[in-house]
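Geometric and topological summary
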Amino acid sequence: MRFLPRTPSRYLAAARRADVLARHMTSTPTPSDSPEPLIKFEENLAARKFILNRPKKLNALDTSMLETLASRIEQWDSSELCGVIVGTGIGKAFSAGGDVAGVLENAASDATRPKAIDFFQREYGLDYSLAALSKPYVAIMDGLTFGGGFGLVAPAPFRVATERCSVSMPETKIGFFPDVGASYYLSRLDGQIGTYLALTGTSLSGRAAFEHGLATHYIPSARVSMLLESLATLEKPTYSQVNEAIEDLHHDRESADPVASLSGGIRVALDSAFSQETVEGIVAALENITRGNAGADVVQWAKDTLAILEERSPTSLKLALMAIRKGKSLDLLECFKMELGIAAAFCHGASPDFRTGVTSVIVEKAKGHPAWSPASLDQVDTASLETSFFGPVANPPQLMLPEALHKNHPPLASFLRYGLPTENELQTLIEGRHASSGSGALTLQELIGKAEGLRGEKRGVAGKVQEVVSRRCAIDKDGYLRWRH
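First things first, this report covers the structure right here in the doc. (Residues numbered from 1 in each chain as written. Predicted model: local features only at pLDDT ≥ 70, side-chain atom pairs only at ≥ 80, totals over all residues. Heavy atoms only, no water.)

Observations regarding the nonpolar core
To keep things clear, this is the line we draw: Among buried residues, those of type Ala, Val, Leu, Ile, Met, Phe, Trp, Tyr and Cys that are joined through side-chain atoms within 4.5 Å constitute a nonpolar core. Categorising residues by exposure relies on relative accessible area from a 1.4 Å probe, with only protein chains included: less than 20% of the type maximum marks a residue as buried, more than 50% marks it as exposed, and the intermediate range marks it as partly exposed. Numbered from the N terminus, helices here are DSSP runs of H or I no shorter than four residues, and strands are runs of E no shorter than two. Residue contacts are counted whenever heavy atoms from the two residues lie within 4.5 Å of one another.
Membership of the largest hydrophobic core comes to 126 residues, with the highest contact counts inside it found for Y124, L199, L286 and W301. Of all the elements, helix α15 (residues 332-347) adds the most residues to this core, at 12 residues. Setting aside anything within four residues of it in sequence, one finds Y124 in contact with F176, F177, D179, V180, F336, E339, L340, A343 and L399. Core analysis: the second largest hydrophobic core is formed by 18 residues, L231, A232, L234 and Y418 among them.

Looking at the pairing of strand β7 (residues 158-161)
Where a strand is regular, its side chains alternate between the two sheet faces. Operational definition: A pair of strands counts as paired when DSSP detects no fewer than two bridges linking them.
Burial along β7 is two-sided: F158 and V160 facing one way and R159 and A161 facing the other are all buried. Pairing of β7 with strand β10 (residues 217-218) involves two bridges; the strand directions are parallel. Pairing of A161 across the sheet is with Y218, part of β10.

A few points about the pattern of salt bridges
Condition: Salt bridge, as used here, is a side-chain nitrogen of Lys or Arg placed within 4 Å of a carboxyl oxygen of Asp or Glu.
With the rule as written, the count across this model stands at 22 salt bridges. A salt bridge links E277 to R325; its shortest N-O distance comes to 3.6 Å. On the criterion of sequence distance, the pair formed by E277 in the loop between α11 (264-273) and α12 (279-291) and R325 in helix α14 (residues 314-327) is long-range, its members being 48 residues apart. Assessed through its relative accessible area of 57%, E277 is described here as exposed. The partly exposed category is assigned to R325, whose relative accessible area is 23%.

Observations concerning the packing of helix α3 (residues 100-107) against helix α16 (residues 353-363)
Under the convention used in this document: To define axes, lines are fitted to C-alpha atoms, for helices over the stretch in contact only, and angles between the resulting N-to-C directions are given on a 0 to 180 degree scale. Working definition: roughly parallel below 35 degrees, roughly antiparallel above 145 degrees, roughly perpendicular at 65 to 115 degrees, and oblique for all remaining angles. Here is the rule for handedness: rotate from the far helix to the near one, and if that takes an anticlockwise turn smaller than a right angle the crossing is left-handed, while a clockwise turn gives right-handed. Residues were grouped as follows: Ala, Val, Leu, Ile, Met, Phe, Trp, Tyr, Cys and Pro as nonpolar; Asp, Glu, Lys and Arg as charged; and all remaining residues, including Gly, as polar.
For the pair α3 and α16, the least separation of the axes is 10 Å and the interaxial angle reads 135°. Between α3 and α16, the angle is such that the two are oblique. The chirality of how α3 crosses α16 is left-handed. From α3, V100, A101, V103, L104 and A107 reach across to α16, where they touch F354, R355, V358, T359 and I362. When grouped by side-chain class, the residues that make up the contact of α3 with α16 number eight nonpolar, one polar and one charged.

Brief notes about helix α4 (residues 113-131)
What counts, and what does not: Each helix should span, by expectation, one fewer than its residue count multiplied by 1.5 Å.
For α4, spanning 19 residues, the distance from its first C-alpha to its last is 28 Å, which sits close to the expected 27 Å at 1.5 Å a residue. Burial runs high along α4: 16 of the 19 residues are buried.

Quick notes on the sheet that holds strand β6 (residues 144-146)
Sheet strands pair via backbone hydrogen bonds, and the direction of the pair is either parallel or antiparallel. Here four strands make up an open sheet; going across it, the order is β4-β6-β8-β9 and the pairing mixed. Strand pairing shows two members of the sheet lacking a second neighbour, β4 (93-95) and β9 (204-205), which therefore form its edges. In the sheet, β6 pairs with strand β8 (residues 166-168) via three bridges, with the strands oriented parallel. Opposite L144, over in β8, you have S166 as the bridge partner.

As structure tokens, this is what we get:
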């Protein structure tokens, strides 16, 4: 199965920007890189804030940072004086990922391999702990938020994006797989958006992250300081109060703003192509789009997506799709356990692509795509991947969690609850299956009203509803909506 030649466009450019930034994601620390603590902690009345402070390395996370942050988060969560926890980063990134170059170095020998696996045990354990916090947690995505950085953000019920934000899971670029809970979070986004992001590593702007569910709120970067001050004034903040404080600073889409890239015909094509159960099927669907009678923008998007996939590790593409599909039916803790098994398998050399990708992209910063092995999709045996990466092993590694989380604990609330309504929610409203549905059909304005009611008059709901209705609904002569299956 062959890919079509590359053709530059805004979609390919977005992925290429993510690729370039991925080359700066991670590296081992140097003495000059750490004149100050790599994480700063601040207390202001009931607010507790951690500040990732490694700007020269785009706030890349190493083992010491994970250990320090996990300890402080556990302390804050048990403190009666702490009312809300806020995460931020200094410089142009919240965090551009984890120190995979250091992980790879440790994974190279039997003597140090436990340190490599320890990194993932700590990282995934911290990410799960953040999802299980008993206090409101606000993550400020005011800059690059890649890979492991997204792992710190995704568990937050309040994920605040700005115009400086760029979100990406670029792991297939380096021969790894989208981890830090991606198999859970991305598999629960609307349609096949999550599958597309997992395989291509394409970056989304802050506005797009909000519209597609990766962020729950969108505010201008200039208002972040106002938000922090507002949160600090809340004596015993409830989740509702925190939500209102962020909503008060929301910035609506303006008429001059560029049209959302993953909408309309492109979104229809994306959902169709990336719904396939194999990567080969996805590629074939994209090739069919380029030969069909779709609009020029849709054809261009398909060509660009094929060019992106051609550059990615074939093994990583298949692993990413397998993990996303499995994660759809697992809870968050089960997803992290699955991902830890995959990461450990990489550390044990189950695929050479992790070493090849990190060396080429991050260490050597070489041009062109790395020499993947196997080099093509048809050479990657899915059954072997199932055994090597998902199969049972003796003495599997365990997540490093606070003692309380090793016991039975309350189920976690949906990470989408403070974001825009999902397509599934809108479908149940239209079809009368939602708990708040009445007995009759809905017009567009009635649907918007119901959706805004479900989200407490949240800003941006009307735009989301209108976009979904334009793709997924038919409207009869009386103005009533019918969901198209």
